[in-house]
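Overview (structure and organization)
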Amino acid sequence: MHTSVEMNKDLVEEAFGDQSMADGNLANSTTIIFVLMGLPNTLQLRYMSFVAFLSIYLMTLVGNLAILIAIVSDARLHTPMYFFLSNLSLVELCYTTVTLPNILNNIVRQSDLISFQACICQVYLFTFCATVECVLLAIMAYDSDQSMADSNSANSTTIIFVLMGLPNTLQLRCMSFVAFLSIYLMTLVGNLAILIAIVSDDHLHTPMYFFLSNLSLLEMCYTTVTLPNILNNIVRQSNLISFQACICQVYLFTLCATVECVLLAIMAYDSDLSMADSNPANSTTFIFVLMGLPNTLQLRCMSFVAFLSIYLMTIVGNSAFLLAIVSDPRLHTPMYFFLANLSVLEMCYTTVTLPNILNNIVRQSNLISFQACICQVYLFTLCATVECILLAIMAYDRNAGHTYEISIPIRILSVMLILNMNAATQTQDDHNSTKLKDGL
């Protein structure tokens, strides 16, 4: 929830320390702040929350520092896998430090306010650390798979994809190379010009142009993910790409596209907020009315119990499934790894919807803001998309796992069929030769 408030000098200096407000225009200054919901409002709850969060933070710091010290001090752990583990510990230290100290500060100051700049900075740093963690986990998985393939190279299989549609004549290759190279260079030069213009002109140092500069940087990133590889394939006259390179390319492109969608949504929201601030008399707040929620006390109680039971069963069931997979070494296989991720994903997109429904039932409200609705739809769609990708990978993994097992019976049947055909042909030849002798 955000609010635009006219703040006096004392409140601004106490809450944010923003020195730009103290220049003489305090009467007309507007600061956008966010109100953090759910923080304790009683002294006893504040003490309990402070001790709980502080304990979590200290345990995280001590545990990860112990891992780092153990890896650095023991020469036997100087391997690629433990190198990635040390980086994971460092990343966990970072994104825990991004959030928990701020929560502890708010509890001590008995304040539930955070400035727009601090919130955006916190979200950016947390997202950055989470993205780095995902990349590290993907590299660790690939490194582990590569080690297993090297240890069993006799039975290792290399999966490659064939890129369709690439030119197969010299003239078409030259034309395609020039076209793709021109598009790539124009994209780089154009976006670099936008970045230089925004950085060099002080008049463009506004939130909207800040987001535009990030969009330009993002466009250069996901263009660089695809076009250089296409140019390389055209020059080498090759239309093959390895499975690892393809997955990496798809992941990076999807990541860049997702970040671009988030930036566009923030820009749209910022533009709408600016227009509302410039004309507050005509500002409009969009809300959605949720249809189908119960309107009597008996129905509300029944619905609350039903939805709460579904939510708790989903959380408890998937948590038990995760614990079973983690605790049993026999289930540490690729298929159960994907099943564990599916369980986490199901908990995520159930948490996106059901707690909000329970909240609306308790508050006897069937209204939801435009921002909350868009955020909920985006998160649900993201979880559903990731689930579809996981199911596709599971299907491919299962098919690849059975390929070798199926190929042996097929080969045996093929050999038997060939032998039977040869035997039938030989029998027919003997029969014909016998008839010929009888005729003579």
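The text that follows walks through the structure, step by step, so that each part is easy to find. (Residues numbered from 1 in each chain as written. Predicted model: local features only at pLDDT ≥ 70, side-chain atom pairs only at ≥ 80, totals over all residues. Heavy atoms only, no water.)

**A few points about the overall build of the protein chain**
- Within the protein chain, the secondary structure is distributed over 10 helices and 7 strands.
- A separation threshold of at least 6 residues defines the contact pool for the protein chain, and within that pool the share at least 24 residues apart is 78%. (Helix = DSSP H or I, 4+ residues; strand = E, 2+ residues; numbered from the N terminus. Contact = heavy atoms within 4.5 Å.)

**Observations regarding the packing of aromatic side chains**
- Scanning all chains against the criterion turns up 6 aromatic pairs.
- Judged by centre distance (6.5 Å) and plane angle (15 degrees), the ring pair of Tyr 124 and Phe 128 falls under stacked. Here Tyr 124 pairs with Phe 128, and both are found in helix 4 (residues 116-151), just 4 residues apart, close to one helical turn.
- The exposure class assigned to Tyr 124 is exposed, which follows from its relative accessible area of 55%. (Phe/Tyr/Trp six-rings, centres within 6.5 Å; stacked < 30°, edge-to-face > 60°. Buried < 20%, exposed > 50% of the residue type's maximum accessible area, 1.4 Å probe, protein only.)

**Brief notes about the side chain of Ser 365**
- Mapped onto the elements of the fold, Ser 365 is located in the loop between helix 9 (334-363) and strand 7 (367-369).
- If we ignore the near neighbours within four places in the chain, the residues touching Ser 365 are Leu 293 and Asn 360.

**Points about the pattern of salt bridges**
- Under the counting rule described, the total for this entry stands at 2 salt bridges.
- For Arg 76, the salt bridge goes to Asp 74, with nearest N and O atoms at 3.3 Å.
- Judged by relative accessible area, Arg 76 falls into the exposed class, the value being 70%.
- When its relative accessible area of 22% is taken as the criterion, Asp 74 is described as partly exposed. (Salt bridge = Lys/Arg side-chain N within 4 Å of Asp/Glu carboxyl O.)

**A word on the packing of helix 5 (residues 170-200) against helix 6 (residues 207-236)**
- For the pair helix 5 and helix 6, the least separation of the axes is 9 Å and the interaxial angle reads 160 degrees. Judged by the angle between their axes, helix 5 and helix 6 are roughly antiparallel. Two packed elements cross with a definite hand, and for helix 5 against helix 6 that hand is left-handed.
- By residue class, the composition of the contact of helix 5 with helix 6 is 19 nonpolar, 7 polar and 2 charged. (Axes fitted to C-alpha atoms, helices over the stretch in contact; angles between N-to-C directions. Parallel < 35°, antiparallel > 145°, perpendicular 65-115°, else oblique. Left-handed = near helix turned anticlockwise from the far one by under 90°. Nonpolar A, V, L, I, M, F, W, Y, C, P; charged D, E, K, R; others polar.)

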